[in-house]
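Chain by chain, the residues run as shown.
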Amino acid sequence: MKKIIAFGASSSSTSINKQLATYAATLFDNCSVEVLDLNDYELPLFSVDKEKANGIPSLAHDFYNQLGTADLIIISFAEHNGAYSAAFKNTFDWISRINSKTFQEKPMLLLATSPGARGGSSVLEIAKNRFPFQGGIVKGSFSLPSFNDNFDAEKGITNAELKNQLLEIINSIEL
């Protein structure tokens, strides 16, 4: 059975991006899903001085190793001022010190959502352009606008057109 690692790139305990990543992972057939929470991998603020003095924290190694077990990585990005959340960027910085090919040549589905009409599209573009240089094989991307209007915790994406767009992307990804 293929394994999906999914997570929201946010430290919010009520992350809408974690909800979207989890939902998207459940749309794949015959896969096991493991949902990670960045709060379980809280790391000191990255600096080369801290790395030199203390090495790379074990939680960074744990997170990197988890990614390595995946047949597909699904990340849904919170957008903070048009870019990654500080929590994700810090984790990303630490694990990139383990291997510059951070995503270990794994296929990826990149998502973003926000309460606003642009649905995190700015951060999604950053990730789509950056991750191939970090060993990510981006197989698809999807932005869900106006999360509160288009998503229900029980039903998932409630807008039929948007749900069909995501399903088309998912169906194009071979695992």
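Because the structure is predicted, anything quoted here is derived from the model rather than measured.

(A) The pairing of strand 5 (residues 136–144), seen in detail. Relative to strand 5, strand 4 (residues 106–113) runs parallel, the two sharing eight bridges. Note on strand 5: the bridge partner recorded for L110 is S141.

(B) Here's a closer look at the packing of aromatic side chains. Counting across every chain of the model gives 17 aromatic pairs. Taking the centre distance of 4.9 Å and the plane angle of 85° together, the rings of F46 and W94 count as edge-to-face. You can see F46 sitting in the loop between strand 2 (31–36) and helix 2 (48–54) and its partner W94 sitting in helix 4 (residues 86–96), a full 48 residues away along the chain. Here the aromatic residues F7, Y41, F63, F77, Y84, F88, F92, F103 and F131 are joined through ring pairs into a cluster of three or more.

(C) Up close: helix 4. Turning to helix 4, its buried residues are F88, N90, T91, F92, W94 and I95. Considering only its buried residues, helix 4 is in contact with strand 1 (2–9), helix 2, helix 3 (58–68), strand 3 (72–77) and helix 5 (121–130).

(D) Structural context of the pattern of salt bridges. Under the criterion given, the structure shown has five salt bridges. In this structure, E34 engages K3 in a salt bridge whose closest nitrogen and oxygen atoms are separated by 3.0 Å. In this pair, E34 is assigned in strand 2 and K3 in strand 1, connecting sequence segments 31 residues apart. Judged by its relative accessible area of 27%, E34 is partly exposed. Under the relative-accessibility criterion, K3 is labelled buried at 19%. Close ionic contact of K128 with E125 constitutes a salt bridge, the shortest N to O distance being 2.8 Å. Linking K128 with E125, this pair stays in helix 5, spanning three residues, or about one helical turn.

(E) Molecular detail of the nonpolar core. Grouped together as the largest cluster of nonpolar side chains are 28 residues, with contacts concentrated most on F7, I75, F77, F88 and F131. If you list the elements that add at least two residues to this core, you get strand 1, helix 3, strand 3, helix 4, strand 4 and helix 5.

(F) Expanded view of the sheet that holds strand 2. Across the sheet, which stays open at both edges, the five strands sit in the order 2-1-3-4-5 with parallel pairing between neighbours. The open sheet has two edge strands, strand 2 and strand 5, and neither has a second partner. Averaged over all pairs of adjacent strands, the angle between their axes in this sheet comes to 20°, without regard to strand direction. The pairing of strand 3 with strand 4 spans five bridges and is classified as parallel. When the bridges of strand 4 are listed, I75 appears paired with L110. Against the sheet, helix 3 touches strand 1, strand 2, strand 3 and strand 4, its axis set at about 135° to strand 1.

Procedures and definitions
Residues numbered from 1 in each chain as written. Predicted model: local features only at pLDDT ≥ 70, side-chain atom pairs only at ≥ 80, totals over all residues. Heavy atoms only, no water. Pairing = 2+ DSSP bridges. Helix = DSSP H or I, 4+ residues; strand = E, 2+ residues; numbered from the N terminus. Phe/Tyr/Trp six-rings, centres within 6.5 Å; stacked < 30°, edge-to-face > 60°. Buried < 20%, exposed > 50% of the residue type's maximum accessible area, 1.4 Å probe, protein only. Contact = heavy atoms within 4.5 Å. Salt bridge = Lys/Arg side-chain N within 4 Å of Asp/Glu carboxyl O. Core = buried A, V, L, I, M, F, W, Y, C linked by side-chain atoms within 4.5 Å. Axes fitted to C-alpha atoms, helices over the stretch in contact; angles between N-to-C directions.

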